[in-house]
Amino acid sequence: MTPTTTTADRALGEFLHARRAALRPQDVGMASHGVRRVAGLRREEVAVLADVNVDYYARLEQGRERHPSAQVLDALAHALRLRPDAHAHLHRLAGSPPADRPAHGQVDPALRRLLDGFSDCPAFVVGPALDILAANACAVALHSPFSPADNLARMVFLDPAARRFYPDWTSTSRATAGHLRAATGIAPDNARLRDLVRTLTARSPDFARLWATHDVLAKTQDAKHLHHPLAGPLTLTYQSFDVRAAPGRQLIVYQPTDPDAARALALLGADRSAPDRRATTAAGPPACCPASYRSASVEHPKCAVSLLIWPTLMLFHRYPAAVGRR
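In this report, the structure presented in the accompanying data block is examined. (Residues numbered from 1 in each chain as written. Predicted model: local features only at pLDDT ≥ 70, side-chain atom pairs only at ≥ 80, totals over all residues. Heavy atoms only, no water.)

## Brief notes about unusual backbone geometry
Looking along the chain, the bond that leaves serine 147 and enters proline 148 is cis, with omega of -5°. As for its position among the elements, proline 148 is in the loop between helix H7 (137–142) and helix H8 (152–158). One non-glycine residue with positive phi stands out, namely arginine 81, at about 55°. Assignment of secondary structure puts arginine 81 in the loop between helix H4 (70–79) and helix H5 (84–93). A relative accessible area of 38% means that arginine 81 is categorised as partly exposed. In this model, histidine 214 sits at a positive phi of 60°, which is unusual for a non-glycine residue. Structurally, histidine 214 is set in the loop between helix H12 (205–211) and strand S3 (221–228). By relative accessible area, which is 52% here, histidine 214 ends up exposed. (Helix = DSSP H or I, 4+ residues; strand = E, 2+ residues; numbered from the N terminus. Buried < 20%, exposed > 50% of the residue type's maximum accessible area, 1.4 Å probe, protein only.)

Below you can see the structure in the form of structure tokens.
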């Protein structure tokens, strides 16, 4: 009995046919011989470029081959010169999740500029395993109690500063484990996620206990109650946004809930005694530093602000007249 061709099978074949028709031989470095009766590349040419059997490729376009491997899909994506978003779409049409992207911290320069645009709010980019891949100056200052501030899950479960930084550590730890559980459902083959879960399970009994509950919590929006050693108590809200150009990554933006929190965040930017290379302000003082202090930064060592003069900065910011009379 001939198998019935489904809509999904036709969608894959139609996509392959359309992308093949959009390419000319010269686009892929091939010579064109004789009269061409089809638009774009011939099936035989795509098969050669992808190093697959011609009949097998024809069955894919006709919807008669239903289960191409991830390796075949990657080869076809290369042969058809697909961009990353189209490459991922090809995998989805075939019911095969795309392979993990390299686990590196490279973030698009345009996204880095967007981070710096949030001049008065902490903003940072995380990967599927909650690795902090890039952060603006305010976010670096906010997370300065952690050493290093590299991964939100590691910071919560393995860094001693976490229980002071997060007053309601119990809720924070439960939410963090739930975020990781949700991520593993989306990308079960993500090697970085597997390694992180393995490390946290081995080194944190609290994480191991929470992981065993299988609670799931997506990272969307919520209130954050924090206690920074310099700024004191902070109540912030946050929003998370998917980075469409890099699936699995999210842009997270914290916002103050009251004027005191806003002032504290602004002053945090003045402390640059321990800079983090992920900050996107490559030169000059941090963008979230008040204008009156923007000449004081680690890039200008003669006027660098240190923890020793933090109380004076706070007092001057709130009571400038009183400081002037001293």
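## Structural notes on the packing of aromatic side chains
Enumeration according to the criterion identifies eight aromatic pairs in this entry. A ring pair is formed by phenylalanine 157 and tryptophan 169, whose centres lie 6.0 Å apart and whose planes are at 80°; its orientation type is edge-to-face. Of this pair, phenylalanine 157 sits in helix H8 while tryptophan 169 sits in helix H10 (residues 169–186), placing them twelve residues apart in sequence. For the pair shown, phenylalanine 157 and tryptophan 169 are each scored as buried. Here the aromatic rings of phenylalanine 165 and tyrosine 166 are separated by 5.0 Å at their centres, their planes lie at 85°, and the arrangement is edge-to-face. Each residue in the set Phe157, Trp169, Phe207 and Trp211 is aromatic and connected to the rest through ring pairs, giving one cluster. Its guanidinium or amino end placed over the ring of tryptophan 169, arginine 163 lies 3.7 Å from that ring's centre, counting from NZ or CZ. (Phe/Tyr/Trp six-rings, centres within 6.5 Å; stacked < 30°, edge-to-face > 60°. Lys NZ or Arg CZ within 6 Å of the ring centre and 35° of its normal.)

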